[in-house]
Amino acid sequence: MTQQHKYRLLEQAEPGELARLQELVRNCNWRQVFHIQPSTGLLNDPNGLSYFNGEYHVFYQWYPLGTEHGMKYWYHLKSQDGVNWQDVGIGIKPGDPFDSHGAYSGSAIEHEGKLHLMYTGNTRDAGWVRHPYQCMAVMDADNHITKWEQPVIPEVPEGYTDHFRDPKLWKQDEYFYCVIGAQRTNLTGCTVLYRSIDLKRWEFIGELKTDLKEFGYMWECPDYFQLDGAGVLLFCPQGIAHQGDHYHNIYQSGYIIGKPLDVDALQLTHSQFQELDRGFDFYAPQTLLDGQGRRILIGWMGLPDISYPTDTHGWAHCLTLPRVLSVQDGKLIQQPLPELASLRQGEAQHVNDTLTSHTRSYDHFSGTTYELKCTFDVLDAEQVGIIFRAKDNEYSVIRYDVEHHKLVLDRSSSGVPLAIEYEETRQCNMTGKQITLHLFVDVSSVEIFVNEGEEVFTSRVFPSSQSEGIQFFSQEGSARLEATIWQLHPQGNTEK
Ligand code: FRU
């Protein structure tokens, strides 16, 4: 396949091409039930996250004609509650002079009653040299989007390469600001800051000064916000070698936190880089501030440059569930959006038991789409945990190794394997005699919130649809178990 082939617009599809993809998708057993996913092709970063006109708006990077990273559109959904999403359709269509090779990632802010969408127009010249433009499009109250004719930032400033993208907007006092992910000409990653009074004329302020002078070769998808009195910079550094339990995915996603950014001195005083998620599939998150003043994060449940088992089924990836952020002791706490409770169907089922060196299953504890919250009080067990999406030799495991102070997610037997060159377990440090695990299991994913959002493990898994079993275990000793399960189903439909 030629490079150019991937940069086709929908209307350039061959006759029957889209219908063939749709047929493949229809026959796929791994379609999600309560996550945002593409109708065909590839979804990646969440974009333009906002609360506008009394509704949540989410856009995502979308290449409709295949599961490779091709011509990116912005696809648009909106929601009253942040849980049940309504398809709005294509938000930004690429293919104009300043986004000829894709409308890449960006963000949104309300100004004068309209939602302003700032994004990176990706272009390639005849010699295939990339030139990024920072572009603007404006959405009115009827969700009608108009692109501005000229880019608002047409050049990459001196000292940076053409890897210069993903503007994230915010307003502070009378100014608008945006951070942009960048690569210095010495091939190290960083973030730069721009300022504008009207969203039209932008002034380059400079590079954000952090302690991370040489930390990967490119920083993608920066997001800056203040929360609970702290300044937080999220970003996705590429090219970080793994270190102990850290940085095992192909690319990383995390944050630095400290004093609020001094926009004149460009100074960020911060503690060390912390990963946002401990799972296998998490990247390019973005946040919004909603009508209740909550800082909500949504990520891409996938990674670049990895093949996924759904590729042969004509689609790839989904977004994570929304998480509410707060700060505790210099760390971001992430909790599932409380409104997700509206997905619960039927009666909750409970269990209360003591496990002594054994593995148990319980009536009603099974399924492929559910929420499961459980607490283990460890008496003297060496390990406790949950086996889920299980049947015979297929299962996923979350295991608390009390003795070695580790919480481990193991997907080595989860079903169709993926990314095994990046290993099949992920783990983090964990201490204490009590642990709460809060799982949201969808047809091909799991999100595990640990101890009310202290850690999150987000991962795709590709088991067979018969793998519905759930078992709880304690090894080498006893633990008290208290668990509740709800079957989940959305009220609306994420697909047109
Ligand atoms: C991150 C990213 C962004 C870019 C977009 C293109 O996944 O590479 O940096 O804008 O995807 O789809």
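Rules of the game
- Residues numbered from 1 in each chain as written.
- Predicted model: local features only at pLDDT ≥ 70, side-chain atom pairs only at ≥ 80, totals over all residues.
- Heavy atoms only, no water.
- UniProt positions renumbered as here; feature names shortened; annotations may be inferred.
- Helix = DSSP H or I, 4+ residues; strand = E, 2+ residues; numbered from the N terminus.
- Rg over C-alpha atoms; globule rule 2.2 N^0.38 Å.
- Buried < 20%, exposed > 50% of the residue type's maximum accessible area, 1.4 Å probe, protein only.
- Contact = heavy atoms within 4.5 Å.
- Areas by Shrake-Rupley, 256 points an atom, 1.4 Å probe, with all protein chains shown as cover.
- Lys, Arg positive; Asp, Glu negative; His and termini not counted.
- Charge placed at Lys NZ, Arg CZ, Asp CG, Glu CD.
- Phe/Tyr/Trp six-rings, centres within 6.5 Å; stacked < 30°, edge-to-face > 60°.
- Lys NZ or Arg CZ within 6 Å of the ring centre and 35° of its normal.
- Near = heavy atom within 4 Å.
- Polar contact = N/O pair within 3.5 Å; in protein donor to acceptor, adjacent residues only side chain to side chain.
- Salt bridge = Lys/Arg side-chain N within 4 Å of Asp/Glu carboxyl O.
- Pairing = 2+ DSSP bridges.

With an unreviewed UniProt entry as reference, the protein chain is termed Sucrose-6-phosphate hydrolase, source organism Paenibacillus turicensis. Its UniProt record gives the protein chain a comment under Subcellular location (unreviewed entry), which states: "Cytoplasm". As stated in UniProt under Sequence similarities (unreviewed entry), the record for the protein chain gives "Belongs to the glycosyl hydrolase 32 family."

The next subject is the overall build of the protein chain. The helix and strand tally for the protein chain stands at 1 helix and 33 strands. What you see for the protein chain is a C-alpha radius of gyration of 22 Å, in line with the 23 Å of a compact globule of 496 residues. Projected onto the principal axes, the alpha-carbon positions of the protein chain cover approximately 65 × 55 × 40 Å. Evaluated residue by residue, the protein chain yields a buried proportion of 61% over its 496 residues. Of the contacts made within the protein chain by residues no fewer than 6 positions apart, 60% connect residues no fewer than 24 positions apart. Surface accessibility of the protein chain: about 19,400 Å² in total, with carbon and sulfur atoms responsible for 45%. Distance between charge centres in the protein chain, computed from 40 positive and 66 negative side chains, equals 2 Å.

Next up on the list: the UniProt feature "domain: Glycosyl hydrolase family 32 N-terminal" (unreviewed entry) in the protein chain. Those places that UniProt annotates as "domain: Glycosyl hydrolase family 32 N-terminal" (unreviewed entry) correspond, in this numbering, to residues 35-336. Secondary structure across residues 35-336 divides into 0% helix and 53% strand, with the first and last C-alpha atoms of the span separated by 13 Å.

Aromatic rings considered in pairs are described by the distance between their centres and by the relative angle of their planes. Counted by the stated rule, this structure contains 27 aromatic pairs. By the ring-pair criterion, three or more aromatic residues cluster together here, those being Phe 215, Trp 219, Phe 235, Tyr 247 and Phe 273. The ring of Tyr 175 has Arg 195 sitting right over it, with the charged end atom 4.8 Å from the ring centre. Over the ring of Trp 486 we find Arg 344; its NZ or CZ atom is 3.8 Å from the centre of that ring.

Attention now goes to the site of the ligand. Within the structure, the ligand sits among Asn 44, Asp 45, Gln 61, Lys 72, Tyr 104, Ser 105, Arg 165, Asp 166, Glu 220, Tyr 283 and Trp 300. At a separation of 3.0 Å, an oxygen atom of the ligand approaches a polar side-chain atom of Asn 44. A total of 320 Å² of accessible area belongs to the ligand in isolation, and the protein chains cover 92% of it. Residue assignment for the shell around the ligand shows that the elements contributing at least two residues are strand E1 (41-52), strand E5 (103-111) and strand E9 (160-172).

By the definition in use, this model includes 25 salt bridges. One salt bridge in this structure joins Arg 278 and Glu 275, with 3.7 Å as the shortest N-O distance. The same class applies to Arg 278 as to Glu 275, namely buried.

Side-chain positions along a regular strand alternate between the two faces of the sheet. Burial within strand E27 (residues 406-410) is extensive, with 4 of its 5 residues counted as buried. Hairpin connection between strand E26 (residues 394-401) and E27: a loop of 4 residues separates the two successive antiparallel strands, and His 405 in this loop has a positive phi of roughly 60°. Examined bridge by bridge, E27 and strand E28 (residues 425-429) share 5 bridges and lie antiparallel to one another. Considered in E28, the bridge of Leu 409 is made with Arg 426.

In the numbering used here, UniProt assigns the "domain: Glycosyl hydrolase family 32 C-terminal" (unreviewed entry) feature to residues 339-486. Taken end to end, residues 339-486 is 0% helix and 59% strand, and its two terminal C-alpha atoms sit 14 Å from one another.

Checked against the element boundaries, Lys 391 lands in strand E25 (residues 383-391). A residue is classified by how much of its surface remains accessible, and Lys 391, at 42% relative accessible area, is partly exposed. Between the alpha carbons of Lys 391 and Ser 467 there is a distance of 4.7 Å; along the sequence they are 76 residues apart. In contact with Lys 391, other than residues within four places in its own chain, are Gln 466 and Ser 467.

With that settled, consider the sheet that holds strand E4 (residues 85-92). Ordered by their spatial adjacency, 5 strands build an open sheet running E4-E3-E2-E1-E19, and the pairing between neighbours is mixed. Each having just a single partner strand, E4 and strand E19 (315-316) make up the two edges of the open sheet. Sheet topology places strand E3 (residues 73-79) next to E4; 6 bridges connect them, and they run antiparallel. Counterpart to Ser 79 in the pairing with E4 is Trp 85.

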